Each structure stands twice: as structure tokens, then as C-alpha cells.
Amino acid sequence: TMNENTTIVVFGASGDLAKKKTYPALFGLYRNEFLPRNVHIVGYARTKMTLEEYRKRISSYIKIVTKPMEKQLEKFLELCTYVSGPYDEDSGYKELANHLNSIEGTTPFDRLFYMALPPNVFVEVSSHTKRLCYPQNGRAKLIVEKPFGSDLESSRALQKDLAPIWTEDELFRIDHYLGKEMVKNLLIVRFGNEFFNANWNKNHISNIQITFKETIGTEGRGGYFDPTGIIRDVMQNHLLQVLTMVAMERPISFSAEDIRDEKVRVLRAIPAINPGDVIIGQYVASEDGTKPGYKDDEGVPKDSRCPTFAGMALYIKNERWDGVPFILKAGKALDEQKTEIRIQFKDVSSGIFRDIPRNELVIRVQPDEAIYLKINAKLPGLTMNTALTELDLTYRRRFSDLKIPEAYESLILDALKGDHSNFVRDDELDASWRIFTPLLKYLDQNTDVVPSPYAYGSRGPAFLDSFVASYGYVRTQPG
Ligand code: BG6
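Residues numbered from 1 in each chain as written. Predicted model: local features only at pLDDT ≥ 70, side-chain atom pairs only at ≥ 80, totals over all residues. Heavy atoms only, no water.

1. Section: the environment of Leu-77
The condition that has to hold: Helix numbers and strand numbers start at the N terminus; a helix is a DSSP run of H or I with at least 4 residues, a strand a run of E with at least 2. For every residue, the accessible area obtained with a 1.4 Å probe (protein chains only) is divided by the maximum for its type, and the residue is called buried under 20%, exposed over 50%, and partly exposed between those limits. Throughout, a residue-residue contact means that at least one pair of heavy atoms, one from each residue, lies within 4.5 Å.
Summarising the element assignment, Leu-77 is placed in helix 3 (residues 67-78). Look at Leu-77 and you get buried, because its relative accessible area is 13%. For the pair Leu-77 and Val-246, spaced 169 residues apart in sequence, the C-alpha to C-alpha distance is 40 Å. Discounting residues that sit within four places of it in the chain, Leu-77 has contacts with Arg-55, Ile-58 and Ser-59.

2. Side note on the packing of aromatic side chains
Definition in use: We call Phe, Tyr and Trp rings a pair once their centres come within 6.5 Å, taking the six-membered ring for Trp, and we label the pair stacked below 30 degrees between planes, edge-to-face above 60, and tilted otherwise. Definition used: whenever NZ (Lys) or CZ (Arg) falls within 6 Å of the ring centre and also within 35 degrees of the ring normal, the charge is taken to sit over that ring.
Across all of its chains, the model carries 23 aromatic pairs by this definition. The ring centre of Tyr-134 lies 5.1 Å from the NZ or CZ of Lys-130, which sits over that ring. Just above the ring of Tyr-224 sits the side chain of Arg-221; from NZ or CZ to the centre is 4.9 Å.

3. Some remarks on the site of the ligand
Stated formally: We call a residue near a molecule or strand whenever a single non-hydrogen atom of that residue lies within 4 Å of it. Whenever two N or O atoms come within 3.5 Å, that pair is a polar contact, provided that in protein one can donate a hydrogen and the other can accept it, and provided that, for residues adjacent in sequence, both atoms are side-chain atoms. Using a 1.4 Å probe, the Shrake-Rupley method yields the accessible areas, and only the shown protein chains count as cover for residues. Just so you know the grouping, Ala, Val, Leu, Ile, Met, Phe, Trp, Tyr, Cys and Pro go in nonpolar, Asp, Glu, Lys and Arg go in charged, and all remaining residues, Gly too, go in polar.
As a structural note, the neighbourhood of the ligand is formed by Lys-146, His-176, Tyr-177, Lys-180, Phe-212, Glu-214, Asp-233, His-238, Lys-332 and Gln-366. Here an oxygen atom of the ligand sits 2.7 Å away from a polar atom, N or O, in the side chain of His-238. With respect to the ligand, the side chain of Lys-332 contributes an N or O atom lying 2.9 Å from an oxygen atom. Against a free-state accessible area of 400 Å², the protein chains account for coverage of 72% of the ligand. Residues of the shell around the ligand, tallied by class, amount to two nonpolar, three polar and five charged.

4. Topic: the UniProt feature "domain: Glucose-6-phosphate dehydrogenase C-terminal" (unreviewed entry) in the chain
Spelled out, the test is: UniProt positions are given in the numbering used here, feature names are shortened, and annotations may be inferred rather than shown by experiment.
This chain's UniProt record puts "domain: Glucose-6-phosphate dehydrogenase C-terminal" (unreviewed entry) on residues 188-472. Helix makes up 31% of residues 188-472 and strand 23%, whereas the separation of the span's terminal C-alpha atoms amounts to 28 Å.

5. Focus on the UniProt feature "domain: Glucose-6-phosphate dehydrogenase NAD-binding" (unreviewed entry) in the chain
The positions that UniProt labels "domain: Glucose-6-phosphate dehydrogenase NAD-binding" (unreviewed entry) are, in the present scheme, residues 9-185. Taken end to end, residues 9-185 is 45% helix and 18% strand, and its two terminal C-alpha atoms sit 30 Å from one another.

6. Considerations on the pattern of salt bridges
What counts, and what does not: One side-chain nitrogen of Lys or Arg within 4 Å of one carboxyl oxygen of Asp or Glu is enough to make a salt bridge.
Overall, the coordinates contain 36 salt bridges when judged by the stated rule. In this structure, the salt-bridge partner of Asp-110 is Arg-139, at a minimum N-O distance of 3.0 Å. Residue Asp-110 is found in strand 4 (residues 110-115), and its partner Arg-139 is found in the loop between helix 5 (122-132) and strand 5 (140-145); the two are separated by 29 residues along the sequence. A relative accessible area of 40% means that Arg-139 is categorised as partly exposed.

7. Side note on the nonpolar core
Put simply, the rule reads: Working definition of a nonpolar core: buried Ala, Val, Leu, Ile, Met, Phe, Trp, Tyr and Cys residues. They are joined through side-chain atoms within 4.5 Å.
Core analysis: the biggest nonpolar cluster contains 143 residues, and Phe-11, Tyr-23, Phe-76, Ile-231, Met-235 and Met-312 have the highest contact counts within it. A per-element tally of this core places helix 10 (residues 229-247) first, with 11 residues. Excluding anything up to four places from it in sequence, Met-235 contacts Ile-230, Leu-240, Ala-310, Met-312, Leu-328, Lys-329, Ala-330 and Phe-436.

8. Points about empty space enclosed by the protein
We count it as follows: Detection works on a 1 Å grid of protein atoms alone, calling trapped sets that fit a 1.4 Å probe cavities and calling open sets with protein on both sides within 12 Å along at least five of seven lines pockets, with lining residues defined by an atom within 4 Å of a point. Grid points are joined across faces, edges and corners, and a volume is the space filled by probe spheres set on the points.
Counted by the stated rule, this structure contains one cavity of 30 Å³ or more. Each pocket or cavity is described by its volume, and for the largest cavity that value is around 40 Å³. By residue class, the composition of the lining of the largest cavity is six nonpolar, two polar and one charged.

9. Details of the sheet that holds strand 14 (residues 386-394)
In plain terms, the rule: Should DSSP find at least two bridges between two strands, the strands are regarded as paired. Axis angles are defined between N-to-C directions and span 0 to 180 degrees, where every axis is a line fitted to C-alpha atoms and, for a helix, only to the segment in contact.
An order of 14-13-12-11-7-10-9-8-15 is seen for the nine strands of this open sheet, with the pairing classed as mixed. Across the chains shown, the open sheet's two edge strands, defined by having one partner strand only, are strand 14 and strand 15 (452-455). When strand polarity is set aside, the average angle formed by the axes of neighbouring strands in this sheet is 20 degrees. Summarising the sheet, strand 12 (residues 360-366) and strand 13 (residues 370-378) pair through five bridges and their orientation is antiparallel.

10. What to know about the sheet that holds strand 5
With respect to topology, six strands assemble into an open sheet ordered 3-2-1-4-5-6, the strand pairing being parallel. With one partner strand each, in any of the chains shown, strand 3 (80-84) and strand 6 (171-174) form the two edges of the open sheet. Adjacent strand axes in the sheet meet at a mean angle of 20 degrees, parallel and antiparallel pairs treated alike. In this fold helix 1 (residues 16-31) packs onto strand 1 (5-11), strand 2 (38-45), strand 3, strand 4 and strand 5, with an angle of close to 165 degrees to the strand it touches most, strand 1.

11. Some remarks on the side chain of Lys-374
Note on placement: Lys-374 falls in strand 13. A polar side-chain atom of Lys-374 sits 2.9 Å from a polar atom in the side chain of Thr-476.

12. Let's talk about the packing of helix 10 against helix 14 (residues 426-445)
We count it as follows: Two helices cross in a left-handed way if the nearer one is turned anticlockwise from the farther one by less than a right angle. They cross in a right-handed way if the turn is clockwise.
In the contact formed by helix 10 and helix 14, the axes pass within 11 Å of each other and the chain directions differ by 145 degrees. For helix 10 against helix 14, the interelement crossing comes out right-handed. Each of Ile-231, Arg-232, Met-235, Gln-236, Leu-240 and Gln-241 in helix 10 lies in contact with helix 14, whose residues at this interface are Glu-428, Leu-429, Ser-432, Trp-433, Ile-435, Phe-436, Leu-439, Leu-440, Leu-443 and Asp-444.

Below, the structure is given as C-alpha cells:
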């Protein structure tokens with residue numbers, strides 16, 4: 001449940017994440033009256049700014065599309081105040097604490113601390129906060145953002161540093177893919193429909209693909225991206241979370257711990273990825289030369305082996321999934337922007353059909369949320385010819401009057417309510433790094449493993465289709 005007296009403190013309030021995601025999400029919640037009745041929003045960062053400059057900065061990322069929104073934004077900004085100070089000295093936190101005490105007055109308030117910060121200051125800020133800004137008479141919560149380490153050891157080290165300061169119950173680790181409508185929907189679609197539930201296993205499913213494509217490259221941020229690479233950036237976290245939601249067993253209830261218990265269980269059944277099941281790529285300039293290659297990006301070493309594209313197959317060693325490849329693909333600077341889950345069913349047994357396409361269930365996470373099932377039907381007419389067609393649930397058409405919330409809105413609301421279901425638990429994080437760490441080490445250490453080039457704006461490395469086909473994926477007709 002939500003405490004109607006809550007202060008939200010945004011650390012890193014002048015940074016990119018806060019401007020692009022946190023504040024717009026807070027405004028979205030405010031507008032729809034989802035924030036606590038008595039809420040304060042306090043920004044904290046090193047940058048010295050006047051209140052006016054800070055409010056201007058926040059509003060620059062909030063898109064005003066209707067007249068009433070203008071008024072709402074004005075009201076929202078009135079809730080927002082700012083304190084500047086260092087991250088590594090008591091002084092700033094003392095000032096912050098004084099500010100919090102003065103705006104909260106004598107009423108007990110909960111405090112939700114949102115860390116929109118680079119990982120190297122996580123521990124420092126959270127320990128100062130605990131010591132100097134912890135609420136006197138209310139609950140405290142801490143939202144943290146990835147990266148949670150860069151491999152199993154560093155992730156454990158970070159957890160070890162945080163654990164004595166913040167309890168697991170107070171911590172909310174964001175993986176924003178868990179806040180996306182279609183990812184949350186997986187529990188309902190799978191377990192709320194016997195039609196899908198019954199077929200959701202190795203007896204009927206041939207292979208599953210989870211694909212993440214972006215059309216933009218690193219666009220000047222290559223220096224930050226290079227030590228990370230696409231595998232750490234989106235696969236070990238976002239795509240693995242999606243895989244988990246696709247593959248987990250039915251939880252006993254919708255409670256956070258029941259859900260997360262099942263997620264951990266399925267992760268533990270996944271062996272470390274075999275480097276033989278992996279391809280990597282790095283984009284070069286577009287064919288027409290108008291878009292730069294990855295190595296042209298400022299800050300990227302000329303001999304960088306950083307993957308901006310990767311494809312890999314994972315296996316789940318349990319009764320439901322043994323032998324079914326889960327193919328993850330992710331890349332930047334590709335031909336389209338799309339995240340989707342593609343579940344390909346096995347062939348129908350031969351007999352009356354010589355050659356009939358497979359069923360495919362596609363869950364499009366973004367953009368243009370949809371679920372569609374490719375099915376065979378008789379082509380209308382006087383023959384027995386078949387046609388591959390679709391049962392199509394496109395959200396924009398079916399739910400045209402409903403707004404799909406932003407992932408961050410959904411997650412901040414969950415944190416305010418104290419619901420951990422869509423946040424990453426410590427053992428879950430551990431299990432996910434265990435699957436990826438040997439591969440990451442292998443790629444880091446083997447200098448002869450170099451990513452294959454693909455042109456900016458293309459579909460990816462040339463052998464992508466044969467890679468996917470080697471795991472049993474059969475291309476059906478377009479549609
Ligand atoms: C972030 C990655 O976690 O997710 C980015 O660091 C990526 O590189 C982004 O672009 C994708 O998120 P979304 O919600 O736009 O699909």
C-alpha cells in the first residue's frame with residue numbers, strides 16, 4: 001500500500017536518466033493522480049542551479065500536448081525543489097536532510113530515494129543517505145538502476161557493499177523492461193489462457209526468438225558504450241528478463257516472492273552460454289556513407305572489439321524446455337526499431353499436407369504493441385488451397401481508447417506501493433550473471449574473436465539468417 005505522505009528524492013537530478021525518464025514518469029503519474037496525496041519531489045545533484053533553472057530543466061523533457069497539461073505541469077513543478085551538493089561529503093546530505101525536514105514538517109513521511117546515478121557513486125550515496133537522510137518516522141525505499149556490476153564478481157561485490165546498508169526489502173532494482181506493458185502481460189497471456197498454457201513446452205514449440213533492434217548507433221556516446229557492449233547493455237538484463245517471463249513455471253500466486261522464486265528457478269536451470277552458440281557484430285558506415293561506423297564515434301578505440309550486435313542461443317535444462325533453443329538477438333544501428341518475442345511451433349505431422357507453414361505466435365513488445373498468431377486457413381474459394389494468415393490482436397486497434405503506460409511510470413508506482421514483483425531480486429541478479437559471465441570473459445580475453453562488420457541500417461551480420469536457421473527456425477511467408 002502507498003503512504004499518502006511521501007517524499008521522492010531524485011539523486012542525479014541533473015543527469016540524462018532523470019531528465020529523460022524519471023521526471024517525465026513522475027509527471028505522468030502526477031497527471032493521472034497516481035502520486036501520493038502529499039508528495040514532495042526533491043532533486044539532488046552536484047550541479048549548482050537555481051530553483052528556476054532546475055524547473056526549466058525538468059520541463060524541457062516533458063512533452064506538452066494538450067492545454068490542460070500546461071496547467072498540470074505548472075502545478076507539478078511547484079512540488080519540485082532542488083538541493084545541490086557533493087556526493088562524497090556529509091555537508092550536502094546534511095543540507096538535504098534539513099531541507100527534507102523543513103518541507104515535511106512534523107508529519108511522518110516515507111522517503112523514496114531514486115538513484116539516477118553512475119554506478120561508481122552508488123555505494124557512497126546510499127551509505128550517506130542511510131546515515132544522514134533516513135526518515136525518522138517513516139519507511140525508506142531505494143530505487144537503483146543498472147549497471148549492477150559488469151560480471152558475477154563485481155555484481156556480488158556491489159551487493160555485498162549495499163546489503164549492510166539497505167535491506168533487500170528496501171531495495172528496488174530497476175530493469176525497465178519489467179515495466180513494459182507487453183512484458184507484464186506475459187503472465188496473463190500464458191497462465192490465463194488454457195489454449196496457450198497447454199502448448200507452451202518442448203512438445204509443441206520448436207524454438208523461441210527474442211529480438212531487440214534499434215535504428216540508432218551510439219551517436220557520440222560510444223566512449224561510454226565501449227566497455228559495456230550490447231551483451232551487458234541489454235541482453236544480460238532486459239532480454240534475459242523477457243526470456244524468464246516467457247519460460248518460468250506458473251507462480252503459486254501473484255505475490256512478489258512467489259513470482260521471483262519461479263524466475264530464479266528457471267534461471268538456475270540455464271547453463272552458462274556456450275561461446276559456440278554466439279555470434280557478434282559491429283556496425284560500420286552505412287552503404288551510402290551518410291551514417292558513421294561505430295569506430296568513427298568519438299571515444300571509441302580504433303581497435304575496439306566491442307559488439308554492437310549479438311546473437312546467441314540459450315537452453316533451459318528442465319522438463320518443459322529441454323532441447324528448445326531460446327535465441328536472443330540484439331543490435332544497434334539496424335534497419336528497424338523493434339522488440340519482439342517470436343514463438344515458433346513445430347511442424348504438423350506430415351500426411352495430408354505436403355508442405356504447410358508453421359504456427360508462430362508473435363508478441364510485439366514495441367513499438368505498436370501486438371499479439372498475433374500465424375495460422376493456416378483454407379484459402380476461400382473452390383479449391384483446398386491453404387493460406388497463412390493471422391489472428392491479430394493489435395493494441396492500437398483493439399484498445400484504442402486506453403493509454404499504455406510508460407515502463408517507468410509503472411515501476412515507480414510499484415515502488416511507491418512497495419510491490420517488488422517487477423524488480424530484480426539479489427539471487428535473480430546473481431543467477432543472471434552466472435549465465436553470462438563465462439561468455440563475457442571469453443569475449444574479453446580472446447583477442448582473435450572479432451565482431452563481424454555490418455552496415456549501419458542493415459539487418460545485421462550477413463550470416464544472421466543461417467545462424468538462426470541452424471537452431472531450427474524456419475522462415476514462414478511474410479505477414
Ligand atoms: C537501456 C540501454 O537500458 O535500454 C540502452 O542502456 C537502450 O542502450 C535502452 O537503448 C532501450 O530501452 P527502450 O525502452 O528504449 O527499449
